[in-house]
Amino acid sequence: MSQDSQHGRWTVSSSDDDDEPLPPSGTKTSGSHRPAESNHSPASLVAVAVPVEVKPEPAKPPVTSLIIGSEARQSAALNQSNPVKYETSPSLAGKRKKEVPDSAGWALSDSDEDDGDVKKTSVSNLPKKTPHSPNTKKSKVEKERPPSPHGRLYYIDEPDDFFESCIPRLNDTYRFYLNKVTGLDKKYNSGALHIRGALVTIKINNLRKQTSRESLDEKNLIIMMLLWYEEGFRVIILTSNLIRADWYQKTQGMWMSPLFPRLPKGSSATAGESSTFFKRDLLEYLASYRAPELEEWIQRIKEHDLSEAKVYLVGSTPGRYVGSDMERWGHLRLRKVKTAFFSSIFKPNIEDVRMSLEGYPAGGSLPYSIQTAQKQLWLHSFFHRWKANSTGRSHAMPHIKTYMRASPDFTQLAWFLVTSANLSKAAWGALEKNNTQIMIRSYELGVLYVPSAFNMKTFPVDKNPFPVSSSSSGFPVPFDLPPTCYSSKDQPWIWNIPYSQAPDTHGNIWVPS
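The structure presented is a predicted model; accordingly, all values stated were derived computationally and were not measured.

Enquirer: Summarise the UniProt feature "active site" (unreviewed entry) in the protein chain; cite the residues concerned and give the values.
Expert: UniProt marks His399 with the feature "active site" (unreviewed entry), using the numbering shown here. Position of histidine 399 relative to the elements: it lies in the loop between strand E15 (383-384) and strand E16 (401-406). Exposure remark for histidine 399: the relative accessible area of 10% places this residue in the buried category. Apart from the residues within four sequence positions on either side, histidine 399 is in contact with Arg73, Thr239, Ser240, Asn241, Asp246, Lys250, Thr251, Gln252 and Ser365. There is a polar contact of 3.2 Å between the side chain of histidine 399 and the side chain of glutamine 252.

Written as structure tokens, this is what we have:
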């Protein structure tokens, strides 16, 4: 779906939730009074039918938890648990599934549905493993992580200092961090942050991302964490889910707030606000869940000083919005703060995925289907290769979602957004009823960097963020600039067609189910 306006053309691709029914629209209720500001509309709350589950991730999730997520992720899990090795003999795809079209071309579908006729994979379809004897001694690697179908060497043992935090991390001016990636040269992890390093806390409350698909167990995925200390609390906003597969060998990012101290007793209701109205917007976002479990956290946040937050919150919550409420969420919220448009989209091609650290299964986190590709052929002219040599992450496929506006020479940024929202209608919203209403399907959250909040005119780009330098004032963009255009031979990675012409870095081919 395309939207043309003075701010550019918004065209959206598929997402995990794209074609799922929208939860019933909530009834607007009167919300708490928010500080007067000419650029923001009054607060109102939207009741969402899908209940939120607030509970910690299991300490050691079962192996079957690897199949959660979109069909692309499920297919990746199946390919990892039952890999098909590359051979020179014909009919390789038949070892997994019969009547699979040849991978040399695109088997274009006429279906208007994003998922087409792709067969769904369930837990029962996975091969059952023989249970271990209680007396069997497990290896060290099995105790620390889910067992790999490729054997012990598939998981490279991290050095003892892998989980240690490094200060300053990447650049504490911006508080934007990349994740540590297993298998990289040490200098590219120096200054990056592992999730374990972010969880040195007294109490943790995970805010989980909801979707409307009640048939899936993964309906709640991490997009934000509230970390409580004796001295105050922090907010962490992530591009990844809180599962090892997302942190192991993918490129991810996070924003980690400064420590927000408690306000003096008797402070006014508007105390502790930042110049970006971060506190107000965070409270409004949490309130949009309409979850009794979050009331305690909302009250706690009100008692703290968030004035040091220098970023804007840009969120999405499910529902249909009209009037001034249209600019509270989604792409209209981003447009309100900063004019938004795009000219380049980083999209790994087939070779990028094949030669990645994870091999073909990395494509399970890139759910671009053949059905969607067919409907958006014109969009491919915007596609650019995933190249991140400056951060050492060219072979760590991106799950990070960033949006930015760069100068013509790519040395300066007018703004930068890191978010959980992919480029989809579900995440950003679709205009309806002659552009008088916006419809959003999913919960998303991100932070927008605007130079004025940092007393700067633009952000200089740090083109060599690793190794970390405390003297650098540049913004640590996670990929190479300028971007590399697709050549005439490049084709985007599409998850639901087979690739059997060449093996990946683990000697396997890709046979989706």
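Here the narrative resumes, following the displayed structure.
Enquirer: Explain the pattern of salt bridges to me, and be specific about the residues and the numbers.
Expert: Applying the stated criterion across every chain, the model contains 12 salt bridges. For the salt bridge of arginine 354 with glutamate 351, the shortest nitrogen-to-oxygen distance reads 2.7 Å. Remark: glutamate 351 and arginine 354 occur in helix H8 (residues 350-354); sequence separation between them is 3 residues, near one turn of the helix. By relative accessible area, which is 16% here, arginine 354 ends up buried. Residue glutamate 351 is classed as partly exposed on the basis of its relative accessible area, which comes to 36%. The partner of arginine 385 in a salt bridge is aspartate 490, and the shortest N-O contact between them spans 4.0 Å. Remark: aspartate 490 occurs in the loop between strand E21 (459-460) and strand E22 (508-509) and arginine 385 occurs in the loop between E15 and E16; sequence separation between them is 105 residues. Neither arginine 385 nor aspartate 490 differs from the other in exposure class; each is buried.

Enquirer: Any details on helix H6 (residues 295-302)? Residues and values, ideally.
Expert: Those residues of H6 not exposed but buried are Trp297, Ile298 and Ile301. End-on view of H6: buried residues confined to an arc of 105°, all on one side of the axis.

Enquirer: Any details on the environment of arginine 234? Residues and values, ideally.
Expert: Residue position: arginine 234 is located in strand E9 (residues 232-238). In this structure, the C-alpha to C-alpha distance between arginine 234 and methionine 256, residues 22 residues apart in sequence, is 7.1 Å. The contact partners of arginine 234, leaving out residues within four places of it in the chain, are Arg175, Met225, Leu226, Leu227, Tyr229, Met256, Ser257, Pro258 and Leu259. Polar contacts involving the side chain of arginine 234 include one to the side chain of tyrosine 229, which spans 3.3 Å.

Enquirer: Before we move on, could you go through unusual backbone geometry and cite the residues and values that matter?
Expert: In this chain, leucine 481 is followed by proline 482 through a cis amide linkage whose omega measures 0°. Inspection of the secondary structure assignment puts proline 482 in the loop between E21 and E22. Phi at asparagine 435 is positive, roughly 65°, even though this residue is not glycine. With a phi angle near 60°, asparagine 455 is a residue other than glycine that sits in the positive phi range. Here asparagine 455 shows up in the loop between strand E20 (444-449) and E21.

Enquirer: Give a description of the UniProt feature "binding site: substrate" (unreviewed entry) in the protein chain that names residues and reports values.
Expert: This chain's UniProt record puts "binding site: substrate" (unreviewed entry) on Lys401. Looking at the secondary structure, you find lysine 401 in strand E16. Judged by its relative accessible area of 15%, lysine 401 falls in the buried class. Setting aside residues up to four positions removed in sequence, lysine 401 forms contacts with Thr239, Leu417, Val418, Thr419, Ser420, Ala421 and Asn422. Looking at lysine 401, its side chain comes within polar contact range of the main-chain oxygen of threonine 239, at 3.2 Å.

Calculation criteria
- Every chain is numbered on its own, with residues counted from 1 as its sequence reads.
- Note on the predicted model: pLDDT of at least 70 is required for a residue's local features to be given, and 80 or more for side-chain atom pairs to be given and counted; whole-chain, interface and lining totals, by contrast, use all residues.
- Excluding hydrogens and water, the side-chain figures rest on all heavy atoms present in the structure.
- UniProt positions are given in the numbering used here, feature names are shortened, and annotations may be inferred rather than shown by experiment.
- Only runs of H or I of at least four residues qualify as helices and only runs of E of at least two qualify as strands under DSSP, and these elements are numbered from the N terminus.
- Accessibility here uses a 1.4 Å probe with only protein chains present; expressed as a share of the type maximum, an area under 20% marks a residue as buried, one over 50% as exposed, and anything in between as partly exposed.
- Any pair of residues with heavy atoms lying within 4.5 Å of one another is described as a contacting pair.
- Definition of a polar contact: a pair of N or O atoms within 3.5 Å, with one able to donate and the other able to accept a hydrogen when the atoms are protein atoms, and with sequence-neighbouring residues admitted only if both atoms are side-chain atoms.
- The working definition used for a salt bridge is a side-chain nitrogen of Lys or Arg within 4 Å of a carboxyl oxygen of Asp or Glu.
- The directions considered for the arc run from the helix axis to the C-beta atoms.

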